[in-house]
Amino acid sequence: DGGITQSPKYLFRKEGQNVTLSCEQNLNHDAMYWYRQDPGQGLRLIYYSQIVNDFQKGDIAEGYSVSREKKESFPLTVTSAQKNPTAFYLCASSPRDYNQPQHFGDGTRLSIL
Amino acid sequence: AQSVTQPDIHITVSEGASLELRCNYSYGATPYLFWYVQSPGQGLQLLLKYFSGDTLVQGIKGFEAEFKRSQSSFNLRKPSVHWSDAAEYFCAVKVTGGGNKLTFGTGTQLKVEL
């Protein structure tokens, strides 16, 4: 079955450390997205990519970086510049057509040690 | 910029009772509208979507939603709630020219009393 795989499910970060969250999809979707979810705030867009080797900042990109070297992969790095990284991170993908919904992975929960 | 409002943070209903979750959006034209459901610690699952045509759309798990242009609303309904429907529900909009991005409401947490 096609889907989106996020790993790891739980991740812990030490102060001053960069960590990378993995997102892989086998849906053959062109577009991929990263969201941050905090209690009571819904989902906020961090970065998105409509095509390989291209990506754009979302609403809360500061302290995060991404790459899109392959169609199926869109890793997110949480850098030490992100002062409040504790959150639930969700990856999504979709075809580029506007009338198509986004499909979501099961998320990665990041905590600070 | 478009925005989405879900005015109810928490809703509690009894099993077997009807349910309506409210969603209002702010956008000049008709957006693409979605409802998603999230169980604790999981990703989001699409319940239904509206793009055009019939304003009453049917989704999975017995849910439906009605688009009302005059009220800028897209409320989610279910005639009879099951205990397994307890979850968090998110309304989202997508607008043309917006880079294919979704804007989410802050969610409504549904509790079902047995």
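Refer to the structure printed above.
Residues numbered from 1 in each chain as written. Chains lettered and ligands numbered in written order. Predicted model: local features only at pLDDT ≥ 70, side-chain atom pairs only at ≥ 80, totals over all residues. Heavy atoms only, no water.

What follows deals with the overall build of chain A. What chain A contains, in helices and strands, is zero helices and 11 strands. Ordering the α and β elements of chain A from the N terminus gives β-β-β-β-β-β-β-β-β-β-β. Taking 113 residues into account, the globule formula puts the C-alpha radius of gyration at 13 Å, and chain A, at 13 Å, falls close to it. Considered along the principal axes of its C-alpha atoms, chain A spans approximately 40 × 25 × 25 Å. Counting only contacts in chain A whose residues sit at least 6 apart along the sequence, the fraction spanning at least 24 positions is 53%. With an accessible surface of roughly 5,500 Å², chain A has 44% of that area assigned to carbon and sulfur atoms. One way to put it: in chain A the 12 positive side-chain charges average out to a point 6 Å from where the 12 negative ones average out. (Helix = DSSP H or I, 4+ residues; strand = E, 2+ residues; numbered from the N terminus. Rg over C-alpha atoms; globule rule 2.2 N^0.38 Å. Contact = heavy atoms within 4.5 Å. Areas by Shrake-Rupley, 256 points an atom, 1.4 Å probe, with all protein chains shown as cover. Lys, Arg positive; Asp, Glu negative; His and termini not counted. Charge placed at Lys NZ, Arg CZ, Asp CG, Glu CD.)

What follows deals with the packing of aromatic side chains. Applying the stated criterion across every chain, the model contains 17 aromatic pairs over all chains. Joined through ring pairs, the aromatic side chains of Tyr33, Tyr35, Tyr48 and Phe104 of chain A together with Tyr32, Phe34, Tyr36, Phe51, Phe90 and Phe104 of chain B make up one cluster. One cation-aromatic arrangement involves Arg68 of chain A over Phe74 of chain A; the distance from NZ or CZ to the ring centre is 6.0 Å. (Phe/Tyr/Trp six-rings, centres within 6.5 Å; stacked < 30°, edge-to-face > 60°. Lys NZ or Arg CZ within 6 Å of the ring centre and 35° of its normal.)

Residue and element names in this part refer to chain A. All chains considered together, the criterion is met by two disulfides over all chains. Disulfide pairing places Cys23 opposite Cys91 at an S-S distance of 1.9 Å. With the S-S dihedral at roughly -75 degrees, the linkage between Cys23 and Cys91 falls on the left-handed side. With Cys23 in strand β3 (residues 19–25) and Cys91 in strand β9 (residues 87–94), the pair connects residues that are 68 residues apart, well separated along the chain. (Disulfide = S-S within 2.5 Å.)

Turning to the nonpolar core, a few remarks are in order. Counting 26 residues, the largest nonpolar core has Leu19, Trp35, Leu47, Leu48, Phe74, Leu76 and Tyr89 of chain B as the members making the most contacts within it. Elements with a minimum of two residues in this core: β2 (10–14), β3 (19–21), β5 (32–38), β6 (44–50), β8 (64–68), β9 (73–78), β10 (87–94) and β12 (108–113) of chain B. Setting aside residues up to four positions removed in sequence, Leu19 of chain B forms contacts with Ile11, Val13, Phe63, Leu76, Arg77, Lys78, Val81 and Leu110 of chain B. With 20 residues, the next largest nonpolar core counts Cys23, Met32, Ala61 and Ala87 of chain A among its residues. (Core = buried A, V, L, I, M, F, W, Y, C linked by side-chain atoms within 4.5 Å. Buried < 20%, exposed > 50% of the residue type's maximum accessible area, 1.4 Å probe, protein only.)

Our next topic: the interface of chain B and chain A. On the chain A side, the residues contacting the 25 residues of chain B number 25 residues. Taken together, both faces of the contact between chain B and chain A bury some 1,900 Å²; the carbon and sulfur share is 54%. Where chain B meets chain A, there are seven residue pairs in polar contact (both at pLDDT 80 or more). Residue contributions to the side of chain B that touches chain A peak at four residues, all from β5 of chain B. Looking at the side of chain B that touches chain A residue by residue, the class counts come to 10 nonpolar, 11 polar and four charged. (Buried area = accessible area lost by both parts, 1.4 Å probe. Polar contact = N/O pair within 3.5 Å; in protein donor to acceptor, adjacent residues only side chain to side chain. Nonpolar A, V, L, I, M, F, W, Y, C, P; charged D, E, K, R; others polar.)

All names here are of chain A. On the basis of which strands lie adjacent, the open sheet formed by four strands has the order β1-β3-β8-β7 and antiparallel pairing. A single partner strand is all that each edge strand has here, and the edge strands are β1 (4–7) and β7 (64–66). Neighbour-to-neighbour, the strand axes of the sheet open up by a mean angle of 20 degrees, direction not taken into account. Taken together, the four bridges between β1 and β3 define a ladder with antiparallel strand orientation. Bridging across to β3, Thr5 finds its partner in Glu24. (Pairing = 2+ DSSP bridges. Axes fitted to C-alpha atoms, helices over the stretch in contact; angles between N-to-C directions.)

Time to look at the environment of Asn26 of chain A. Residues and elements named next belong to chain A. Counting through the fold element by element, Asn26 comes out in the loop between β3 and β4 (31–37). In this structure Asn26 comes out as exposed when scored by relative accessible area, which is 52%. For the pair Asn26 and Ser93, spaced 67 residues apart in the sequence, the C-alpha separation amounts to 9.8 Å. Here the side chain of Asn26 touches Gly3 through a polar contact of 2.5 Å, landing on its backbone nitrogen.

Residue and element names in this part refer to chain B. Only one face of β12 is buried: it carries Thr108, Leu110 and Val112, and the other face, with Gln109, Lys111 and Glu113, is open. Summarising the sheet, β2 and β12 pair through five bridges and their orientation is parallel. Bridging across to β12, His10 finds its partner in Gln109. Relative to β12, β10 runs antiparallel, the two sharing three bridges. When the bridges of β12 are listed, Tyr89 appears paired with Thr108.

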